[in-house]
Amino acid sequence: MRASLLQVAVNEDEPVESRRRRVADMVRDQAGADLVVLPELWTTGAFAYEEFGSEAEPLDGPTREAMAKAASDAGVWLHAGSVPERGPDGTLYNTSLVLSPSGDLAAAYRKIHRFGFDQGEAVLMGAGDRLVTVRLPHTTLGVATCYDLRFPELFRGLVDAGAETLVVPAGWPERRRSHWTLLARARAVENQAFVLACGTAGTHAGVPQAGHSVVVDPWGEVLAEAGPGEEVLTVDFDPATVAGTRERFPALKDRVLGLDRPRR
Ligand SMILES: NC(=O)CCC(=O)C(=O)O
């Protein structure tokens, strides 16, 4: 299976509409890949809080339209990263879209863990409440977004729902880059799954982005890692490695569920 992670540069001197066109062309260039992955909130930038409202779109908005066309032109499955979605009741969500090679919406995932503590995304956006997996011809994807990477129980839930390839679009900042790589490897090892973690490059809202998108195998080995700038990271991997690893080293079967809390 071939996956291409498009580590898009998100700089505020590029208008959103130009970036949308540019990214659509980048997707078209990936014909021959099985899966193409885009980062989190690449239209606005994940830290451009002031743009979330003005650039918000419904689920069938301009980003989905452009990406659906690009996915079908290239004949690829496309995890189109996330968009600031305006829900039917006006609530904003950080919503990821997965599109089939014919351009149909296969899944939408509203980010569950919002970043910012008591500011930014955490107060501007609503929280999703549903885990999402997507069956592809070669593997089952489990989807999560950026800050979700810090919450192992979400990934365990995805694995319990059948996920073998965990896809994490992000807008991760340079100042916590060491956490990014460490957490991507940890989620791969503990879940014995592939992790495809696609971040952004560039600087927006004064926050330099980490880049360094990474693909990790079920043994925790880094198969490919991008540099800091805009880059297409292409990797070939065999999804059957997941079943093989889980069979040879069956740690997932040793889980003990429902442990009591310590008595005080
Ligand atoms: N956009 C995000 O979710 C940022 C997450 C982050 O910076 C962190 O977890 O650290």
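The name an unreviewed UniProt entry assigns to the chain is Amidohydrolase, from the organism Streptomyces griseomycini.

Glancing now at the nonpolar core. Among soluble globular proteins, nonpolar side chains are generally buried collectively. By size, the foremost hydrophobic cluster in this structure holds 69 residues, and its most contacted members are V37, M67, L166, V195 and L196. Not counting the four nearest positions on each side in its chain, L196 is found in contact with A3, L5, V37, T165, V167 and V215.

A few words now on the UniProt feature "domain: CN hydrolase" (unreviewed entry) in the chain. Per the UniProt record, "domain: CN hydrolase" (unreviewed entry) is found at residues 1-239. Across residues 1-239, the secondary structure splits into 26% helix and 28% strand, with the terminal C-alpha atoms separated by 7 Å.

Every residue lining the ligand is accounted for by E40, A46, F115, C146, Y147, R150, G171, W172, P173, R176 and H179. The class makeup of the residues in the shell around the ligand is six nonpolar, two polar and three charged.

Let us look at the sheet that holds strand β1 (residues 2-7). Pairing is mixed in the open sheet, where six strands are placed in the order β5-β4-β3-β2-β1-β14. Of all the strands in the sheet, just β5 (105-110) and β14 (231-236) have a single pairing partner and so form its edges. Shown here is a sheet whose adjacent strand axes are inclined to one another by a mean of 25°, direction ignored. As paired elements, strand β2 (residues 35-37) and strand β3 (residues 77-86) share three bridges and run parallel to each other. Bridging across to β3, V36 finds its partner in L78.

Definitions and cut-offs
- Residues numbered from 1 in each chain as written.
- Predicted model: local features only at pLDDT ≥ 70, side-chain atom pairs only at ≥ 80, totals over all residues.
- Core = buried A, V, L, I, M, F, W, Y, C linked by C-beta atoms within 7 Å.
- Buried ≥ 20, exposed ≤ 12 C-beta atoms within 10 Å, placed from the backbone.
- Contact = placed C-beta atoms within 7 Å.
- UniProt positions renumbered as here; feature names shortened; annotations may be inferred.
- Helix = DSSP H or I, 4+ residues; strand = E, 2+ residues; numbered from the N terminus.
- Near = placed C-beta within 6 Å.
- Nonpolar A, V, L, I, M, F, W, Y, C, P; charged D, E, K, R; others polar.
- Pairing = 2+ DSSP bridges.
- Axes fitted to C-alpha atoms, helices over the stretch in contact; angles between N-to-C directions.

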